[in-house]
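The residues making up each chain are set out below.
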Amino acid sequence: PGAVIVGRPRAGLIFDMATVLSATLLGLSSPVGLRRFSPRIRMQAEWVESTVFFDPPVSSRFTPPLSSKQYLRASEAAVAKHAAIIFDQLRQEAAALSGSPLTSGLGERTVLSRSSLSEAAAAVLVEQLRSAGLGEGGAESAALWREVSSALAAPWLLRCVVCDLYKILDVDPAATGLLQPLLYFKGFHALTLHRVAHHLWARDDGPADRFAALRLQSAGASLFSVDIHPAATIGPGVMLDHASGVVIGGTAVVGSDVYMLHGVTLGATGKPMHGAKRHPTIADSVTLGAGATVLGDILVGSGVTVGASAVVTRAVPEGSTVVGVNKVLDGSQRPPSEAGEEDDYTWFYDI
């Protein structure tokens, strides 16, 4: 038996900071007032008292951003409106890049000289693909831009780009704005490139389309250390955090509002399937911890948390937490805690 820590960073962080701020605003930062909080909470409250907070995160400036429930339900018109809002914010952020010779050209090429969010996302991808040797010639370079930019302007892919950026702002406190993930988050780049490759794979006007999709997959694996087969289906509002080592097989299906950390594998069991589905289906609002491995044609239900380094080869009921090897946790497995041993977003289980 050992201890396994299962994190719930998004909700926990929000609750944690709300607790600290509420305690401070209510004057509970005295030793008496904070006695009911853990030592870590008391320490944070003392830090809050001496800290000057900056402007609210950029996500709070949108009125309102698409919620995870709207990733699939929002109309195309609503998505287009949010894309315009995002692009306007990107232009404001990119204007500041002129202050450094190392970034001024980048801001101009990728955002300021573009007319839409889809063009900006395409410019970022095409620049990286050209650095890897794709589209170096005149005709091929023009074809690369045409295919990527037109794919990202399609309504479904635009929805995915909008929702992927909102998902990043929702779950990643390291994202200080929209320009940062657009330019520098390789998980966003790898996923957006996959979406273009999947577009070509599904279009299938002939064998060349699928070979073009496979070429983009190969480039993405080399550039980002992320290997997603172009046949894999991935919904909107997905974040690949850190992303390195993510592998997703061709018959995998990933829903919307999914948070996936580095080293995740959605793979097959290695058994002959004779053309049948061999990779997992990940439902909506699932969190996949670092190094998690999910194998075979199984369903991971909505709202599931898969702990770091877990191995999952059986279906997981919705709302569950799974750790270790197919170990599904429930409240009865939560042992009594000692003072200060746990906080609001981390639990200790004996397995």
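About the cut-offs
Residues numbered from 1 in each chain as written. Predicted model: local features only at pLDDT ≥ 70, side-chain atom pairs only at ≥ 80, totals over all residues. Heavy atoms only, no water. Helix = DSSP H or I, 4+ residues; strand = E, 2+ residues; numbered from the N terminus. Contact = heavy atoms within 4.5 Å. Areas by Shrake-Rupley, 256 points an atom, 1.4 Å probe, with all protein chains shown as cover. Salt bridge = Lys/Arg side-chain N within 4 Å of Asp/Glu carboxyl O. Buried < 20%, exposed > 50% of the residue type's maximum accessible area, 1.4 Å probe, protein only. Pairing = 2+ DSSP bridges. Expected span 1.5 Å × (residues − 1). Axes fitted to C-alpha atoms, helices over the stretch in contact; angles between N-to-C directions.

(A) Structural detail: the overall build of the protein. Helix and strand content of the protein: 11 helices and 17 strands. Restricting the contact set of the protein to residue pairs at least 6 apart, pairs at least 24 apart contribute 49%. On the protein, roughly 16,900 Å² of surface is accessible, and the fraction owed to carbon and sulfur atoms is 58%.

(B) How the structure looks around the pattern of salt bridges. Within the structure shown, the criterion is met by 9 salt bridges. Between arginine 203 and aspartate 205 there is a salt bridge, and its shortest N-O distance comes to 3.7 Å. Given the relative accessible area of 64%, aspartate 205 is considered exposed. Close ionic contact of aspartate 204 with arginine 210 constitutes a salt bridge, the shortest N to O distance being 3.7 Å. Relative accessible area serves as the criterion here: at 36%, aspartate 204 is assigned to the partly exposed category. On the basis of relative accessibility, which here comes to 30%, the residue arginine 210 falls in the partly exposed class. Shared partners join several salt bridges into a network, and the residues in it are Glu147, Arg203, Asp205 and Asp209.

(C) Spotlight on the sheet that holds strand β12 (residues 299–300). Across the sheet, which stays open at both edges, the 4 strands sit in the order β3-β6-β9-β12 with parallel pairing between neighbours. Unpaired on one side and paired on the other, β3 (233–234) and β12 mark the two borders of the sheet. Two elements, strand β9 (residues 281–282) and β12, share 2 bridges in a ladder whose sense is parallel. The partner of threonine 281 across the bridge, within β12, is leucine 299.

(D) Inspection of helix α10 (residues 186–203) at higher detail. Given a rise of 1.5 Å per residue, 18 residues ought to cover 26 Å, and the 25 Å separating the end C-alpha atoms of α10 matches this to within 8%. Burial runs high along α10: 13 of the 18 residues are buried. Where α10 ends, the next residue or the one after it, aspartate 204, has phi of about 45°, a positive value.

(E) Representation of the sheet that holds strand β15 (residues 321–323) within the structure. The strand order β4-β7-β10-β13-β15-β16 describes an open sheet built from 6 strands, whose pairing is mixed. Strand pairing shows two members of the sheet lacking a second neighbour, β4 (238–241) and β16 (327–329), which therefore form its edges. By the bridge criterion, 2 bridges tie strand β7 (residues 258–261) to strand β10 (residues 287–288) in an arrangement that is parallel. Of the residues in β10, the one forming a bridge with tyrosine 259 is threonine 287. In the packing of helix α8 (residues 155–171) onto the sheet, the strands contacted are β4 and β7, and the crossing angle to β4 comes to about 60°.

Just geometry here; none of it tells us what the structure is for.
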